[in-house]
Amino acid sequence: MSGVLWNFTELMLRRGVATLTTLALAWFLTPEDFGLLAMMMVFLAFADVLVDAGFSQALIRKESVTQRELSTAFFANITIAVLAYLLLFFCAPYIALFYEQPELEPLIQVVGVAVFFNALAVVQQAILSRALKFRLQLQVTLPAAAVSGVIAIICAYSGLGVWALIVQVVSQSLLISLLYWWQRLWTPSLEFGRNEFRELFAFGGYLLLAQMTNVPFKNMYVIVIAKVYASAIAGLYFFAEKIRDLILNQLVNSVQKVTYPALSQVQSDSVKLKRGYRQIISVTTFIVFPVLILLAALVNNLFTLLLPATWFAAVPYLQLMCLAGLMNPLNAINLNILKVKGRSDLVFYLGMYKKTTAILIFIITYQYGITAIIVGQIVNSVLGYIPNSYYSKRLINYSVREQLADFIPTLLLAGIVGFCTWLIQSALNWPVLVELIILGSGAGLIYLTGAWLLNLSAFGHASRLVEMKLGRKNA
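Quick caveat: nothing in here was measured; it's all calculated off a predicted structure.

### Some points on the overall build of the chain
And then number 1: Along the chain, the regular secondary structure elements total 19 helices and zero strands.
And then number 2: A burial count over the chain gives 52% of its 475 residues as buried.
And then number 3: Sequence separation of at least 24 residues holds for 84% of the intrachain contacts in the chain that already meet a minimum separation of 6.
And then number 4: Working note: accessible area of the chain is about 21,000 Å², and carbon and sulfur atoms make up 68% of it.

### Brief notes about the packing of helix α2 (residues 31-52) against helix α5 (residues 104-111)
And then number 1: α5 packs onto α2 with a crossing angle of 45° between their chain directions and a minimal axis gap of 10 Å. As far as their axial angle goes, α5 and α2 are oblique. The interaxial crossing formed by α2 with α5 has right-handed handedness. Contacts between α2 and α5 pair Leu-36, Met-39, Met-40 and Leu-44 from the former with Leu-104, Leu-107, Ile-108 and Val-111 from the latter.
And then number 2: Across the contact of α2 with α5, the residue classes tally to eight nonpolar, no polar and no charged.

### Quick look at the packing of helix α16 (residues 370-396) against helix α17 (residues 400-427)
And then number 1: Following both chains from N to C, one finds α16 and α17 inclined at 115°, their axes separated by 9 Å at the closest point. Of the possible angle classes, the one that applies to α16 and α17 is roughly perpendicular. Contacts between α16 and α17 involve Tyr-385, Ser-389 and Ser-392 from the former and Val-400, Gln-403 and Phe-407 from the latter.
And then number 2: In terms of residue class, the contact of α16 with α17 is built from three nonpolar, three polar and no charged.

### With respect to the pattern of salt bridges
And then number 1: Here the structure, examined in full by the defined rule, presents three salt bridges.
And then number 2: For Arg-278, the salt bridge identified is with Glu-402, shortest N-O distance 3.6 Å. A residue pair is termed long-range when its members are at least 10 positions apart, and Arg-278 in helix α12 (residues 270-306) and Glu-402 in helix α17 qualify at 124 residues.
And then number 3: The shortest N-O distance in the salt bridge between Asp-406 and Arg-278 comes to 2.9 Å. Taken together, the residues Asp-406 in helix α17 and Arg-278 in helix α12 connect sequence positions 128 residues apart.
And then number 4: A relative accessible area of 27% means that Arg-278 is categorised as partly exposed.
And then number 5: By sharing partners, the salt bridges in this structure join Arg-278, Glu-402 and Asp-406 into a single network.

### Examining a nonpolar patch on the surface
And then number 1: Taken together, Leu-305, Leu-306, Trp-430, Leu-433, Val-434, Ile-437 and Ile-438 make up a surface patch of nonpolar side chains, about 610 Å² in accessible area.
And then number 2: Only α12 and α18 (432-453) provide two or more residues apiece to the nonpolar patch.
And then number 3: Within the secondary structure, Ile-438 is located in helix α18.

### A look at the confidence of the model for the chain
Detailed reading of the predicted coordinates is not advisable wherever pLDDT falls low.
And then number 1: For the chain, the average pLDDT comes to 81, and 86% of its residues sit at 70 or higher.
And then number 2: Averaged over each element, pLDDT in the chain is lowest for helix α19 (residues 457-474) (63) and highest for helix α13 (residues 315-324) (92).

### What to know about the side chain of Arg-244
And then number 1: Tracing the backbone through its elements, the reader meets Arg-244 in helix α11 (residues 231-264).
And then number 2: The class for Arg-244 is buried, based on a relative accessible area of 7%.
And then number 3: Looking at Arg-244, its side chain comes within polar contact range of the main-chain oxygen of Met-321, at 2.6 Å.
And then number 4: Residues contacting Arg-244, with those up to four places away along its chain left out, are Leu-318, Met-321, Cys-322, Ala-324 and Gly-325.

### Topic: unusual backbone geometry
And then number 1: Phi is positive for Glu-100, close to 60°, though the residue is something other than glycine.
And then number 2: With respect to the helices and strands, Glu-100 occurs in the loop between α4 (67-99) and α5.
And then number 3: Of note in this structure, Asn-455 is not a glycine but carries a positive phi near 55°.
And then number 4: If you trace the backbone, Asn-455 turns up in the loop between α18 and α19.
And then number 5: By relative accessible area, Asn-455 is classed as exposed at 66%.

Analysis parameters
- Residues numbered from 1 in each chain as written.
- Predicted model: local features only at pLDDT ≥ 70, side-chain atom pairs only at ≥ 80, totals over all residues.
- Heavy atoms only, no water.
- Helix = DSSP H or I, 4+ residues; strand = E, 2+ residues; numbered from the N terminus.
- Buried < 20%, exposed > 50% of the residue type's maximum accessible area, 1.4 Å probe, protein only.
- Contact = heavy atoms within 4.5 Å.
- Areas by Shrake-Rupley, 256 points an atom, 1.4 Å probe, with all protein chains shown as cover.
- Axes fitted to C-alpha atoms, helices over the stretch in contact; angles between N-to-C directions.
- Parallel < 35°, antiparallel > 145°, perpendicular 65-115°, else oblique.
- Left-handed = near helix turned anticlockwise from the far one by under 90°.
- Nonpolar A, V, L, I, M, F, W, Y, C, P; charged D, E, K, R; others polar.
- Salt bridge = Lys/Arg side-chain N within 4 Å of Asp/Glu carboxyl O.
- Patch = residues over 30% accessible without salt bridge, like charges linked within 9 Å, V, L, I, M, F, W, Y side chains within 5 Å.
- pLDDT = per-residue confidence, 0-100.
- Polar contact = N/O pair within 3.5 Å; in protein donor to acceptor, adjacent residues only side chain to side chain.

If you want it as structure tokens, here you go:
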């Protein structure tokens, strides 16, 4: 839990800086600029998945690692990174032709350099994650996010347009890599083990396949929206998704990143795993559900206060995306159980099932507009939860009924508080900042009071966690 809090703090601060940077850039850039970035990020994400090749997850899961294994993973990452960049460089003209956006070609060829910088830090990140040293990661990622954000804002203010976003991506990757190496966590040796490579890839290979298929699946919405509609609409969709993910992913990723190496140490004890994951689901949903629901209720005021009018069309997109994201922590935690138990094959096969249903739903909904597309995402998130929870029952005897008992009361309470907040906000005509402060703080207080009165188990877990941290600090 201490690791979760440090990792959450790291992600909160880093993504908080990223949020402020995004909001600042929105005043100088257009939806079309963000649309171009969205088109590029699809291919950059695919290259990053290739570079990692599942090796980081394989290193984290092992009870002990050798210098030879770490060096093998490092040189494999570097080799793949060079190949991935060359692939991006020579495919850039065809990508620009596909989108009918000639300016994409030089943008992709420059932003692709970030892939190589990312590869230099893969092993260092895995080493810190294995040791649950997320405080050190904070010392790397926060300065990198802040400095790259300032550089991007200066570039945007100077009139560089979409190039400001490219500078941000590349400079942040470079700074993270430099700061990891500056800490001297580990030094590679000139050795490469074929047997070690096979062992790492035997586990990481399925995760690589799952992630490779996940990238085009996750970004298919942006790809099709940019192609079928317009870059401005794609930019609005991408901007709304980015704001939602800045809030959602920081907690979900921190829980996944910490609980995976921590609970891998007791992977043979299903009783401990079940008890740990029940607490994780309770506490995670207790925090995520009200945050997403209240964001959906108050997003109109937030946009009015913080952004120019050109971005207001993204408000309904973000509201629906928040509802679609409610199941994300549950799906992510259930997939973590599969990885801890060494069933990376199931991660891949379940991913293929969920992608198939998502594509079918997308084919039906895309012709009816962006709103229908996001509603389809809500439906798919619920359908994706069913097989995930089924295998949790099979592997650690964590049944669907028990999972529902752990999060449904929290969901109902957060939903009621959020709906009432939205109704009150719609009826009021106060200054925007006053509404945000009063309704936001009031809703949070009512939510916590309701959880206490209802004696929710999630509230008890969260309270004990806070008491434990305060006790350690006082001690």
